[in-house]
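Chain by chain, the residues run as shown.
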Amino acid sequence: MAAATDDAGDSNEMIRVVSSDGEHFEMPEAAANLSLVLRHMIEDDCADAAGIPLAVVAAKPLAKIVDYCTKHAAKSSGLTIEEAEELKRFDAEFIEVDTDMLYDLLVAADFMGVEGLSKLAVQRTADLIKGKTPEQNRETFGIVNDFTPEEEEEICKENEWAFQITKPPSRLC
Amino acid sequence: MEPGDGELAAKREKLSAAAGTGGEDRLSALPDDILIQILLRLGTACAAQTSILSRRWRLLWCLLPEFDFGPKADGYNIRAALAAHEVPSVRHLLVFATATGPCPIAEWLPVAARRLCGDLATSLSLNLGFLALAVPPSGVFAWLTDLSLHSVRFHGPCELGDAVSSPRFPSLKKLTIRNAQGLSNFIINSKSLLQIDLMSLNGLQQLSVVAPALEVLNVLFCFADASSRRQPVASISAPKLEILQWCDAFDPNSVQFGKMENLQWLGTYYFLVYGQEDSPHNHERLRLLQHFQFNAIPSLTLMLAYLPAEAECESDCFCDLPPNWTTDQLGLNFLHEVEITNLRGTEHEMAFVKRIFSWAAVLKEMTINFYYSITESTARELCKNAKGGTAADAHRPQCASAFPRATSQGLNQSSFTNGTVVGAAGIGGTVTAVTVGATAIGGTVSAGTVRTAGIDGNVTFGTPGTTGISSDVIGGTAGIAGTVTDLDDGVFPGFVYYHALSDGTAFWEFLNAWAEIARARLALARRRWSPDGGAAAPVVLPYVDLARLIARTTPPLLRERMLHSSAESLAALKERARQELLAAGDAAGAAAVTGFQALSSLLWRCVTRARRLAPDQEVVFRASVNNRGRLRPPLPAEYFGNSILATSTEAVPASELLARGHGWAAAAVGRAVAVHTDEVIRARAAETPSVSAFRLFDASGMFVSSSPRFDMYGCDFGWGKAVAARSGKANKYDGKVSLFPGREGGGSIDAEVELTPEHMAALEQDDEFWSAVKPDHLLLVNNNFP
């Protein structure tokens, strides 16, 4: 079979993206392809010099996402065990962020369709919630308790089984 | 904004409010979809704990698609969770209860019944730790196919039989009850049940089963109440029964089996070979066997049990008889296959094995799994000895010792002819030409490798643990796999075939049947259609790495609904469109309206309404259209390939679509289909081929594919008409509709509709919608989560 020629899409072109607050970023096409949204835009020839505008992603999280994608695209297939572990370490450090950044990443990764990052951020949030008392969780996430004490008691009673199983050291339940 | 939108509006307001306050509680402001993903990773109990955080969180955990209620959950919790479940899509409900006081199962069972009615859950498993269970007097589990009750104690008059029978469990396929107490009279009358497993129903006195579709019935230790030695009373009417396991008391006077002409497998208690000859235990076994009068046993499985001798036998005991078995002269004239497990090779056993060879004149295969301590060389020796005593060489059977995964493999001859691999049988052995891998380079077959295990093709030996076939060849779990390589000067089909599946005769029978179908059906279809009559070269994709063409998208959170539209309601829907068009003066449009147009119009308008789009948002309706009959000349019916294109209506503002009404939308769909002519198809085919990702998303549009004209229910493999046709989870997105023929035929249509949960919830409130369709009787497959 005659070898088909690579099309332009296979080259190491840099893809430009623009955050909601107008900052420009660049990443290799392979990195951009980790985002479903960007990949579709690239395939539709929307990736021009002006950059792909991302209307709901601000510069701060976008910088992180560009980092994440660039790292993961460089090591996408045929990983050695060491490389896989290095990538795991990278992820672990990468997601050590404050809750504000975590929300930004949750929303942005979901919007941009970066599956690996979505999972990472979701797991991190779950880890933060797990094993804490409701009071601790409210504090961590700034959740305002809008129940009356009576309602609270009712809910405790309603889901008593759940509170008994994992036994959080709660004053309430 | 329409009334009824209050809840959504409130949610949106809340979202924006939270975002506006400087991100104070931004976690709660995240969309449900993301929060549910987070809760899923917490586990059900921990997720339920979040209900205390705030109002936003109170019922969030109830949206989880899976519930695993641990032993601490009581009926009230389960009821609350199920009752609070906003968007019903429980995939799986697992309840485990312990014996702590009376469990108010009646609290939640009716709720569960309603929940499961309109829903996707098809399996319900309850382990009740001998909690008292009173069968709820009402409740219909319309979609439940699999009910399993473990450790249940029934109290009060038990109507379980009534509960699991057809009127209340119309779809139940499999019923399992283990370790039940208090079930004395069990009467099952079900048209849908295929399998019943009853085990240890302590105290059962009477069992009555009327199940015309039943294929498997296992009754184990239900009547066997050693202390009372009560007479079992049973009446089984299951004319389609194929497998019957009756490890229980049997008395032909009180246990009645109706006609079972398809019975293929009968299992009983073990038969005591040693000990008293006239034991009532053996007597019952024999009577059971006699009842079914197997005069042609094609397959016999023997398990030799070594029971510790508790007392000395009497001098004339059975086990003192000479160990050569010559006193018994049996004629096993239909026995083809024997499997013996855990053979230790004692003199006694080997004498028996030799006798089998002489009793079974047409024996073809004997498989022996030796006891683990027997070495391979001993096994080999024992097999040789056993075969040495064969009476007639002409019938010398193939004797293979094997582990289940490894029957003997032999390829006696193979030849390559024009790229086709042909394997033929050797003498005396069975054809096993199955594991063939070949490499084709430059258009000619330059190398072929044939891999076999056990080349002598006649007898191979191994002790348990030996595998006769290399696992890298078989690889996964497929019984058969094939590749077809299209070479420049030939076609090279190659197969990997798991020999445990069948012998060579059956393999070639299968392959030839396949080839015959291909010859007959595909002969006409081989040439690919192209606008210039086939002169142009085939399209070569501009990629070296085809992986780039494969997009694996994560499906969005979707709800799926199966809808059924009968021929009558379609006719009414069509008539309504016709009347509206006539009133609007569009006589041509009115005359042309079809059922498809009418249904499409209904779906298009109701979905658009459910989406609550901005009034000026333009919407289009798209559908895949068949080119085959529209091309001039038309393609032959057998044409194998893709010949469809998408067509679409004109874009119309959402408000206008709703205002113009059903008739107009039906006519618009009709126009979209009508413009799809030979000329248009050729023009589109002549466009420069381009490769683009399959677009799965148009937030305001909808797409109808598949066709009620496809013969789905005629596809009968010999097991009868299919119960339902469904299309899996691939290529699904908000607004996707797949059409199938209705099972009853006659022009009825089933529609599989995919929408986001909130759009589906809105659609379900639409009266116009429900006037023409109803939920299909079977709901399967929730494709929201991979």
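Residues numbered from 1 in each chain as written. Chains lettered and ligands numbered in written order. Predicted model: local features only at pLDDT ≥ 70, side-chain atom pairs only at ≥ 80, totals over all residues. Heavy atoms only, no water.

- Per an unreviewed UniProt entry, chain A is named SKP1-like protein, and its organism is Oryza meyeriana var. granulata.
- In its Subunit (unreviewed entry) section, the UniProt entry covering chain A states "Part of a SCF (SKP1-cullin-F-box) protein ligase complex."
- The Function (unreviewed entry) comment attached to chain A in UniProt states, word for word, "Involved in ubiquitination and subsequent proteasomal degradation of target proteins. Together with CUL1, RBX1 and a F-box protein, it forms a SCF E3 ubiquitin ligase complex. The functional specificity of this complex depends on the type of F-box protein. In the SCF complex, it serves as an adapter that links the F-box protein to CUL1." (UniProt positions renumbered as here; feature names shortened; annotations may be inferred.)

### Some remarks on the overall build of chain A
For step 1, the next point in the chain: Helix and strand counts for chain A come out as nine helices and three strands.
For step 2, the next point in the chain: Residue burial in chain A is summarised as follows: out of 173 residues, 39% are buried.
For step 3, the next point in the chain: When contacts within chain A are restricted to residue pairs at least 6 apart in sequence, those whose partners lie at least 24 apart make up 55%.
For step 4, the next point in the chain: Roughly 9400 Å² of accessible area belongs to chain A as shown, and the carbon and sulfur atoms make up 52% of that amount. (Helix = DSSP H or I, 4+ residues; strand = E, 2+ residues; numbered from the N terminus. Buried < 20%, exposed > 50% of the residue type's maximum accessible area, 1.4 Å probe, protein only. Contact = heavy atoms within 4.5 Å. Areas by Shrake-Rupley, 256 points an atom, 1.4 Å probe, with all protein chains shown as cover.)

### A few points about the side chain of Asp32 of chain B
Residues and elements named next belong to chain B.
For step 1, the next point in the chain: Along the chain, Asp32 turns up in helix H3 (residues 32-40).
For step 2, the next point in the chain: Owing to a relative accessible area of 17%, Asp32 belongs among the buried residues under this scheme.
For step 3, the next point in the chain: There is a polar contact of 2.9 Å between the side chain of Asp32 and the side chain of Arg56. (Polar contact = N/O pair within 3.5 Å; in protein donor to acceptor, adjacent residues only side chain to side chain.)

### Some details on empty space enclosed by the protein
For step 1, the next point in the chain: All told, the structure shown has four cavities of 30 Å³ or more when counted by the stated rule.
For step 2, the next point in the chain: Of the voids in this model, the second largest cavity is the one considered here, and its volume is about 70 Å³.
For step 3, the next point in the chain: Counting residues per element, the ones that place at least two in the lining of the second largest cavity are helix H7 (134-141) of chain A together with helix H4 (44-49) of chain B.
For step 4, the next point in the chain: Here the residues of the lining of the second largest cavity are counted per class, giving four nonpolar, five polar and one charged. (1 Å grid on protein atoms, 1.4 Å probe; cavity = no way out; pocket = protein on both sides within 12 Å on 5 of 7 lines; lining within 4 Å. Points joined across faces, edges and corners; volume = space filled by probe spheres on them. Nonpolar A, V, L, I, M, F, W, Y, C, P; charged D, E, K, R; others polar.)

### So, the UniProt feature "domain: F-box" (unreviewed entry) in chain B
For step 1, the next point in the chain: Mapped onto the present numbering, the UniProt feature "domain: F-box" (unreviewed entry) falls at residues 27-64 of chain B.
For step 2, the next point in the chain: Helix makes up 58% of residues 27-64 of chain B and strand makes up 0%, while its end C-alpha atoms are separated by 18 Å.

### A few points about the UniProt feature "domain: FBD" (unreviewed entry) in chain B
For step 1, the next point in the chain: UniProt's feature table lists "domain: FBD" (unreviewed entry) at residues 335-368 of chain B, given in the numbering used throughout.
For step 2, the next point in the chain: The annotated region residues 335-368 of chain B carries 38% helix and 32% strand content, and the separation between its end C-alpha atoms amounts to 16 Å.

### Points about the sheet that holds strand E8 (residues 206-210) of chain B
All names here are of chain B.
For step 1, the next point in the chain: Pairing is parallel across the open sheet formed by four strands, whose spatial order is E6-E8-E10-E12. Where the open sheet ends on each side, the last strands, each with one partner, are strand E6 (185-189) and strand E12 (255-257). Each strand axis lies, on average, 5° off the axis of its neighbour in the sheet, ignoring direction. (Pairing = 2+ DSSP bridges. Axes fitted to C-alpha atoms, helices over the stretch in contact; angles between N-to-C directions.)

### Some words on the sheet that holds strand E2 (residues 24-28) of chain A
By way of backbone hydrogen bonds, the strands of a sheet pair with one another, either parallel or antiparallel.
Residues and elements named next belong to chain A.
For step 1, the next point in the chain: Taken together, three strands build an open sheet; the order of strands is E2-E1-E3 and the sheet is mixed. The open sheet has two edge strands with one neighbour each: E2 and strand E3 (52-53).
For step 2, the next point in the chain: Summarising the sheet, strand E1 (residues 14-18) and E3 pair through two bridges and their orientation is parallel. By the bridge assignment for E3, Val17 is matched with Ile52.
For step 3, the next point in the chain: Across the sheet, helix H3 (residues 59-74) touches E1 and E2, and the angle it forms with E2 is around 10°.

### Things to note about helix H6 (residues 115-129) of chain A
All names here are of chain A.
For step 1, the next point in the chain: Compared with an ideal rise of 1.5 Å per residue, which puts 15 residues at 21 Å, H6 spans 21 Å between its outermost C-alpha atoms and is within 8% of the ideal.
For step 2, the next point in the chain: Listed in full, the buried residues belonging to H6 are Leu117, Ser118, Leu120, Ala121, Val122, Arg124, Thr125, Ala126, Leu128 and Ile129.
For step 3, the next point in the chain: Backbone geometry just after H6 places Gly131 at a positive phi near 70°. (Expected span 1.5 Å × (residues − 1).)

### Focus: the nonpolar core
For step 1, the next point in the chain: If you look at the biggest cluster of nonpolar residues, it comprises 60 residues, and the most contacted ones within it are Leu117 of chain A together with Leu27 and Ile38 of chain B.
For step 2, the next point in the chain: Sort the elements by how many residues they give to this core and helix H5 (residues 99-112) of chain A lands first, with eight residues.
For step 3, the next point in the chain: Residues within four places of Leu27 of chain B in sequence aside, it is in contact with Tyr103, Thr125, Phe141 and Ile143 of chain A together with Leu35, Ile38 and Trp57 of chain B.
For step 4, the next point in the chain: Counting 40 residues, the second-largest nonpolar core is a separate cluster that includes Leu149, Phe169, Ile177 and Phe250 of chain B. (Core = buried A, V, L, I, M, F, W, Y, C linked by side-chain atoms within 4.5 Å.)

### Brief notes about the packing of helix H16 (residues 595-611) of chain B against helix H17 (residues 654-674) of chain B
The relative placement of two packed helices is expressed as an angle between their axes plus a distance between the axes.
Residues and elements named next belong to chain B.
For step 1, the next point in the chain: At their nearest, the axes of H16 and H17 sit 8 Å apart, and the two run at 145° to each other. Relative to H17, H16 is oriented so that their crossing is right-handed. Where H16 abuts H17, its residues Phe596, Gln597, Ala598, Ser600, Ser601, Leu602, Trp604, Arg605, Thr608 and Arg609 lie against Ala654, Leu657, Leu658, Gly661, His662, Ala665, Ala666, Ala667, Ala668, Val669, Gly670 and Val673. (Left-handed = near helix turned anticlockwise from the far one by under 90°.)

### Comments concerning the pattern of salt bridges
For step 1, the next point in the chain: Under the defined criterion, the tally for this structure stands at 24 salt bridges over all chains.
For step 2, the next point in the chain: Arg55 of chain B is the partner of Glu151 of chain A in a salt bridge, and the nearest nitrogen-oxygen pair spans 2.8 Å. Taken together, the residues span two chains, with Glu151 of chain A in helix H8 (residues 149-158) and Arg55 of chain B in helix H5 (residues 55-58).
For step 3, the next point in the chain: Close ionic contact of Arg576 of chain B with Glu580 of chain B constitutes a salt bridge, the shortest N to O distance being 3.6 Å. Linking Arg576 of chain B with Glu580 of chain B, this pair stays in helix H14 (residues 567-583), spanning four residues, or about one helical turn.
For step 4, the next point in the chain: The network of salt bridges with common partners includes Arg576, Glu580, Arg605, Arg609, Asp766 and Glu768 of chain B. (Salt bridge = Lys/Arg side-chain N within 4 Å of Asp/Glu carboxyl O.)

### Observations regarding a nonpolar patch on the surface
All names here are of chain B.
For step 1, the next point in the chain: Taken together, the side chains of Ile480, Leu501, Phe510 and Trp514 make up a nonpolar region of the molecular surface, amounting to roughly 390 Å² of accessible area.
For step 2, the next point in the chain: Topologically, Phe510 is positioned in helix H13 (residues 504-522).
For step 3, the next point in the chain: For Phe510, a relative accessible area of 39% translates into the label partly exposed. (Patch = residues over 30% accessible without salt bridge, like charges linked within 9 Å, V, L, I, M, F, W, Y side chains within 5 Å.)

### Describing the side chain of Lys732 of chain B
All names here are of chain B.
For step 1, the next point in the chain: Note on placement: Lys732 falls in the loop between strand E29 (702-705) and strand E30 (736-741).
For step 2, the next point in the chain: Side-chain polar atoms of Lys732 contact the side chain of Ser727, separated by 2.8 Å.
For step 3, the next point in the chain: Of note is the side chain of Lys732, whose polar atom sits 2.7 Å from the side chain of Glu752.

### Re the packing of aromatic side chains
For step 1, the next point in the chain: Within this structure, the stated rule accounts for eight aromatic pairs over all chains.
For step 2, the next point in the chain: With a centroid separation of 6.0 Å and an interplanar angle of 50°, the aromatic rings of Phe510 of chain B and Trp514 of chain B are classed as tilted. With Phe510 of chain B and Trp514 of chain B both in helix H13 and four residues apart, the pair spans about one turn of that helix.
For step 3, the next point in the chain: The ring of Phe94 of chain A carries the charged tip of Lys64 of chain A above its face, separated from the ring centre by 4.0 Å. (Phe/Tyr/Trp six-rings, centres within 6.5 Å; stacked < 30°, edge-to-face > 60°. Lys NZ or Arg CZ within 6 Å of the ring centre and 35° of its normal.)

### Details of unusual backbone geometry
All names here are of chain B.
For step 1, the next point in the chain: Here the bond from Arg632 into Pro633 is cis, since omega is -5°, no more than 30 degrees from zero.
For step 2, the next point in the chain: Topologically, Pro633 is positioned in the loop between strand E26 (621-626) and strand E27 (644-648).
For step 3, the next point in the chain: Positive phi values are uncommon outside glycine, yet Phe221 reaches one of about 50°.
For step 4, the next point in the chain: Mapping Phe221 onto the fold places it in the loop between strand E9 (216-220) and strand E10 (233-237).
For step 5, the next point in the chain: Phi is positive for Arg612, close to 50°, though the residue is something other than glycine.

### So, the environment of Lys574 of chain B
Residues and elements named next belong to chain B.
For step 1, the next point in the chain: With respect to the helices and strands, the residue Lys574 is situated in helix H14.
For step 2, the next point in the chain: Taking relative accessible area as the criterion, Lys574 reaches 33% and is therefore assigned partly exposed.
For step 3, the next point in the chain: Sequence separation between Lys574 and Gly595 is 21 residues, and the spatial gap between their C-alpha atoms is 5.7 Å.
For step 4, the next point in the chain: Once residues lying within four places of it in the same chain are set aside, the contact partners of Lys574 are Val593, Thr594, Gly595 and Ala598.

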